[in-house]
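Structural overview for review
Listed here are the chains, written in short residue letters.
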Amino acid sequence: PPGYMTLDLSAGCPVRLRFYPGEEFLPGGILSNTAYRTSKLVMRKIHAKDVEWTMGSLKSTKYSPDCETPHAVKMTEDYYIGVFQITQSQYTHVIGVDATLNPANNYATEGEMRPREKLKYSIFRMASSAATGDYPTTPASNSFLGRIRALTGEQIAFDLPSEAQWEFACRAGHGEGYFNDGSSEDNFENLLRLGMTSYSPDHSTTAIVGSYTPNDWGLYDMYGNVCEFCLDLYKQDITGNYSGAVITSGDNASHVLRGGCRWMSFEKCNSWSRLVTESATYGDPAYGFRVAAPAKLVIAED
């Protein structure tokens, strides 16, 4: 499959999926064409198959007990991941305006292009507080992921990224350090929306997705803005997970969040820190997500 994929979320759209060889081929430009942050999903292909890399960081141990001990990972498949965090407009196109699903803050300025927040894990795969819809079950038809799968006739198995997929994409080929020389808070002004820094942005609100410099693989807001859900149940020791598979049996019923949010310090907004949800049915203003998918189509038999 080509380097970029777009999914049109608009009602009645006759052609949902389009593929492009690179970002420069996206009509109108990825930031100039606001449809890519309102009514379409843009996803970039990540070449991860058979690449051995180090997950985690030695730096993490002094910041949080919920960080990884460095360990080798070698994933078995390439995949797509969203260039942006899912926005309020994109979410509404799929789910509609539903007050029962913890609606996000409505910001006065271009709120539709800010990330959808106040979400709980159960909504992604099971649109009910009665069950979590944990992987590897198939997302319920009325959940966010179930609905966008249906838009493609179930040809693409959209889901949340695994922890390993998220971290590999976030690192964008970098090792221990931050991408784009974000090695200290002095260098973070152009990288992310976060709190408790010397330059003190208005971190009381989220930023419009794409407001900060992308990583070397063209992915925006991997650090800060909203914490991003992963498929995995939380397990403190994942050093034996060489394949980067989704953790389906964790230490508790909590799920993993990555990337940090706008209220956190730069020590927490990185590729290796791990945060934990309170429960699958708890939504928080700091919680958001981006979508991933296998880099292959499922062709239905006649």
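Here the structure is shown first, and the text comes after it.
These lines cover the structure that appears in this document, whether it is placed above or below. As the structure is a prediction and not an experimental result, all values here were calculated from the model.

Notes on the overall build of the protein chain
When helices and strands are tallied, the protein chain shows four helices and eleven strands. By residue count, 55% of the 302 residues in the protein chain fall in the buried class. For the protein chain, long-range pairs separated by at least 24 residues make up 68% of all intrachain contacts whose partners lie at least 6 apart in sequence. Looking at the protein chain as shown, the accessible area adds up to about 12,300 Å², and 49% of this sits on carbon and sulfur atoms.

What about the pairing of strand S5 (residues 71-74)?
Only one face of S5 is buried, namely the one carrying His 71 and Val 73, since none of Ala 72 and Lys 74 on the opposite face is buried. Across four bridges, the pairing between strand S4 (residues 52-55) and S5 is antiparallel. Bridge pairing links Trp 53 to Val 73 in S5.

Brief notes about the packing of aromatic side chains
Tallying each qualifying case throughout the model produces ten aromatic pairs. Measuring from ring centre to ring centre gives 4.5 Å for Phe 124 and Phe 289, while their planes differ by 50°; the resulting arrangement is tilted. You can see Phe 124 sitting in helix H2 (residues 121-125) and its partner Phe 289 sitting in the loop between strand S10 (287-288) and strand S11 (292-294), a full 165 residues away along the chain. Given a relative accessible area of 0%, Phe 124 falls into the buried group. Every member of this aromatic cluster is reached through a ring pair, and the members are Tyr 91, Tyr 121, Phe 124, Phe 144, Phe 229, Tyr 287 and Phe 289. Over the aromatic face of Phe 84 sits the side chain of Arg 37, whose NZ or CZ is 5.8 Å from the ring centroid. One Lys or Arg, Arg 262, reaches over the ring of Trp 263 and ends 4.3 Å from the middle of that ring.

Cut-offs applied
- Residues numbered from 1 in each chain as written.
- Predicted model: local features only at pLDDT ≥ 70, side-chain atom pairs only at ≥ 80, totals over all residues.
- Heavy atoms only, no water.
- Helix = DSSP H or I, 4+ residues; strand = E, 2+ residues; numbered from the N terminus.
- Buried < 20%, exposed > 50% of the residue type's maximum accessible area, 1.4 Å probe, protein only.
- Contact = heavy atoms within 4.5 Å.
- Areas by Shrake-Rupley, 256 points an atom, 1.4 Å probe, with all protein chains shown as cover.
- Pairing = 2+ DSSP bridges.
- Phe/Tyr/Trp six-rings, centres within 6.5 Å; stacked < 30°, edge-to-face > 60°.
- Lys NZ or Arg CZ within 6 Å of the ring centre and 35° of its normal.

Coordinates in, geometry out; function isn't part of it.
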